[in-house]
Amino acid sequence: MAAPVYRKATLVSRKENPKGYFHLVIREEQIAQTAGPGQFVMVRGWHTGDPILPRPFDIVLADPLKGVFRLCIKVEGKGTRLLSTLKKGSSLYVTGPLGKSITEFDSSGTALLVRGAGAAAVVFLAETLTKLKKPVFTILSASTKSRLVCRALLEEFSNDVFIATDDGTEGYHGNGTDILDQLITEGKVDTVYTCGSHRFARHVKALDLAGKVKGYLFLEGYMGCGMGDCHGCAVKKDGEDGYFLVCMDGPVFRSRTVVVDS
Amino acid sequence: MRVSPDLSVEIAGVPFPNPVMPASGAYEVDEIHDNFFSPSELGAVINKTIFLHPRPGNPPPRIWETPCGMLNAIGIPCDGAEAFIWDKLPNLRKLGPPVVVSIAGETMEEWIELSELIESTGMADLLELNLSCPNLSDGIPWSTEEKTLERVVSAVVSRVKLPVIAKLSPVVTDIADMARTAEGAGASALSMINTYKGMAIDIKRKRPVLGNVTGGLSGPAIRPLAVWAVYSAYETVKIPIIGMGGIDGPTAAIEFLLAGASAVAVGMYNFIDPFTMKKTIEGIRTYLLEEGYSSVREIIGMAHTRA
């Protein structure tokens, strides 16, 4: 895996979709050329002391030919608010690609069970699996229709996209895990990746432990550096003492190896 | 043609090619860092503090951003001394710069055993005693009580030939007193300062943010406090000081040198810009050229000179 670079990069475009979520396309050729599914970047778009630390974001897609990659950020605090207001052509400081890239694609059918901003994490994987002609079934969940994230991209890179909303404004009115269970029963998927919901993570882990699927979790953590220096992003190991670091050992983990917070 | 200024300094008889090194626990030497700059360019290298036995570290959340700084409560996870000596120390040794090995003990016996073990490897040039981590649950005040500080430093010094650096906590009434105590106990140098104990509270959950409740504050927020600590200790002790606390580049590093530090360490800013230490080395060189000094040693403690 290529070692990360730290570069001044350029914001090529910025688009809000849906409200509160911003898609940033950033030009940095080396990152675009070496990034793989599951990897992330640390981004700083400010010279201030507050905020001071760079922020981690999953790489949504990378285009090695154009030398650009895309992020999708949810405006939550000071850092994401600043990033969401950057003008086209602005400079950002980016370290990446970071974390372990997903390299096993031997499943006969993969389900991507995602909610909210967690949808951004699996787009790259969906694209990779589609290029390899592996079946991809995406279950895209949100509280309501207007909060469905990365929908168009996931529709492009999935054999099927199932929508589930808590309020029934679109698609299945209920829990996305019901759709997953149905896909498993039908024998369509043997591997599941999930991101964006502790409830989903617990469900996938239970399926993994029961031997019904290979379950994987995209995890996040408070992260200072993204490259193993600060030891901040700890996640508890399951079945043994100690912690993994999300940045170095993940961010994608086999679900049975980590403790999922309640 | 102007001659490039001499950046070399000496810490406890050990020559450093330049005065910039990482702070312990804030920079790893591994392949992840290959594309940044070579750690062989540093003034010295140092490990994340090790204990004799493996430790898991603290439960998350372990870090929290604050204005111009961050709180950390990592809790010094480590694989233990044996793993360090086999897996990591040889990699530090082969880089070229002097190797500072940062250690901590949970008991007096452990301090001594670990010091002797590190010395026996022949791969360390200096031993830094991390007497001041604010995040350890046992809360042993190794460097906040003069008698305890005196006891641990003198015990280690009496058992090893390696020069000993005492890393001091700023959470004391007068750090100059602690500096003098460490010097009196036989320390060959001081690292000043470790983090300040602090906390943050989540107003929605109405609970402390960090898994450990409290953490150590670092970053530019603490820099003026750290500069003062170095300045006040410099007036009191004769042993060299490695200054640290919120160094984000050459300007801050030079402040510490002028305050009396013979070398400086970069901590949190390695997370923000992995080139910070390299930029700091280059910036010190430029400053010396512009100000007309032939050696960095000329400016150490210069802020104390009365007009």
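Below or above, wherever it landed, is the structure these notes cover.

## Some points on the overall build of chain B
Then comes step 1: When you go through chain B residue by residue, the secondary structure sums to 8 helices and 16 strands.
Then comes step 2: What you see for chain B is a C-alpha radius of gyration of 18 Å, in line with the 19 Å of a compact globule of 307 residues.
Then comes step 3: Counting only C-alpha atoms, chain B reaches 60 × 50 × 40 Å along its principal axes.
Then comes step 4: Each of the 307 residues in chain B was classed as buried or not, and the buried ones make up 59%.
Then comes step 5: Counted over contacts in chain B with a minimum sequence separation of 6, partners at least 24 positions apart contribute 73%.
Then comes step 6: Side chains of chain B carry 25 positive and 35 negative charges; the gap between the two charge centres is 5 Å.

## Notes on the interface of chain B and chain A
Then comes step 1: With 38 residues of chain B at the contact, the number on the chain A side is 29 residues.
Then comes step 2: Taken together, both faces of the contact between chain B and chain A bury some 2,600 Å²; the carbon and sulfur share is 65%.
Then comes step 3: Note that B:Glu65 and A:Arg55 form a salt bridge whose closest N and O atoms lie 2.8 Å from each other.
Then comes step 4: Our count for the chain B to chain A interface comes out at 10 residue pairs in polar contact (both at pLDDT 80 or more).
Then comes step 5: Contributions of two or more residues to the side of chain B that touches chain A are made by strand 5 (63–66), strand 6 (69–72) and helix 7 (269–272) of chain B.
Then comes step 6: Taken together, the residues of the side of chain B that touches chain A break down into 22 nonpolar, 8 polar and 8 charged.

## Quick notes on the packing of aromatic side chains
Residues and elements named next belong to chain B.
Then comes step 1: Tallied over the full model, the rule gives 11 aromatic pairs over all chains.
Then comes step 2: Both rings, one in Tyr 27 and one in Phe 37, keep their centres 6.3 Å apart while their planes meet at 15 degrees; by these two values the pair is stacked. Remark: Phe 37 occurs in the loop between strand 3 (20–22) and strand 4 (45–46) and Tyr 27 occurs in the loop between strand 3 and strand 4; sequence separation between them is 10 residues.
Then comes step 3: Look at Tyr 27 and you get buried, because its relative accessible area is 7%.
Then comes step 4: Judged by relative accessible area, which is 5%, Phe 37 ranks as buried.
Then comes step 5: Relative to Phe 275, the ring of Phe 36 has its centre 5.8 Å away and its plane inclined at 75 degrees; by these criteria the two rings are edge-to-face. Highlighted residues: Phe 36 in the loop between strand 3 and strand 4 and Phe 275 in the loop between helix 7 and helix 8 (276–291), separated in sequence by 239 residues.

## A word on the sheet that holds strand 5 of chain B
Residues and elements named next belong to chain B.
Then comes step 1: Taken together, the 4 strands give an open sheet; going across it, the order is 5-6-14-11, and neighbouring strands pair in antiparallel fashion. On the outer flanks of this sheet lie strand 5 and strand 11 (196–198), each paired with one strand and no other. In this sheet, adjacent strand axes meet at a mean angle of 35 degrees when their direction is disregarded.
Then comes step 2: Here strand 11 runs beside strand 14 (residues 215–218); their pairing, made up of 3 bridges, is antiparallel. Its bridge partner lying in strand 14, Gly 198 is registered against Gly 215.

## A few points about empty space enclosed by the protein
Then comes step 1: Taken as a whole and assessed by the stated rule, the structure comprises 2 cavities of 30 Å³ or more.
Then comes step 2: Estimated volume of the largest cavity: approximately 530 Å³.
Then comes step 3: If you list the elements that add at least two residues to the lining of the largest cavity, you get strand 6, strand 16 (263–266) and helix 7 of chain B.
Then comes step 4: Here the residues of the lining of the largest cavity sort into 18 nonpolar, 14 polar and 2 charged.
Then comes step 5: Around the second largest cavity, the lining residues are A:Met42, A:Pro54, A:Thr95, A:Cys225, A:Met227, B:Phe271, B:Ile272 and B:Pro274.
Then comes step 6: The residue makeup of the lining of the second largest cavity, split by class, is 7 nonpolar, 1 polar and no charged.

## Describing helix 1 (residues 81–93) of chain B
Residues and elements named next belong to chain B.
Then comes step 1: Over its 13 residues, helix 1 runs only 16 Å from end to end, short of the ideal 18 Å by more than 12%, given 1.5 Å per residue.
Then comes step 2: Along helix 1, the largest kink reaches about 35 degrees and is centred on Asp 87; proline Pro 90 follows within four residues of it.
Then comes step 3: What helix 1 keeps buried is the set Ala 81, Phe 84, Ile 85, Leu 89 and Leu 92.
Then comes step 4: Residues of helix 1 that are buried make contact with strand 4, strand 7 (99–103) and helix 2 (108–121).

Here is what the cut-offs are and how they apply
- Residues numbered from 1 in each chain as written.
- Chains lettered and ligands numbered in written order.
- Predicted model: local features only at pLDDT ≥ 70, side-chain atom pairs only at ≥ 80, totals over all residues.
- Heavy atoms only, no water.
- Helix = DSSP H or I, 4+ residues; strand = E, 2+ residues; numbered from the N terminus.
- Rg over C-alpha atoms; globule rule 2.2 N^0.38 Å.
- Buried < 20%, exposed > 50% of the residue type's maximum accessible area, 1.4 Å probe, protein only.
- Contact = heavy atoms within 4.5 Å.
- Lys, Arg positive; Asp, Glu negative; His and termini not counted.
- Charge placed at Lys NZ, Arg CZ, Asp CG, Glu CD.
- Buried area = accessible area lost by both parts, 1.4 Å probe.
- Salt bridge = Lys/Arg side-chain N within 4 Å of Asp/Glu carboxyl O.
- Polar contact = N/O pair within 3.5 Å; in protein donor to acceptor, adjacent residues only side chain to side chain.
- Nonpolar A, V, L, I, M, F, W, Y, C, P; charged D, E, K, R; others polar.
- Phe/Tyr/Trp six-rings, centres within 6.5 Å; stacked < 30°, edge-to-face > 60°.
- Pairing = 2+ DSSP bridges.
- Axes fitted to C-alpha atoms, helices over the stretch in contact; angles between N-to-C directions.
- 1 Å grid on protein atoms, 1.4 Å probe; cavity = no way out; pocket = protein on both sides within 12 Å on 5 of 7 lines; lining within 4 Å.
- Points joined across faces, edges and corners; volume = space filled by probe spheres on them.
- Expected span 1.5 Å × (residues − 1).
- Bend = angle between axes of the 7 residues up to and from the residue.

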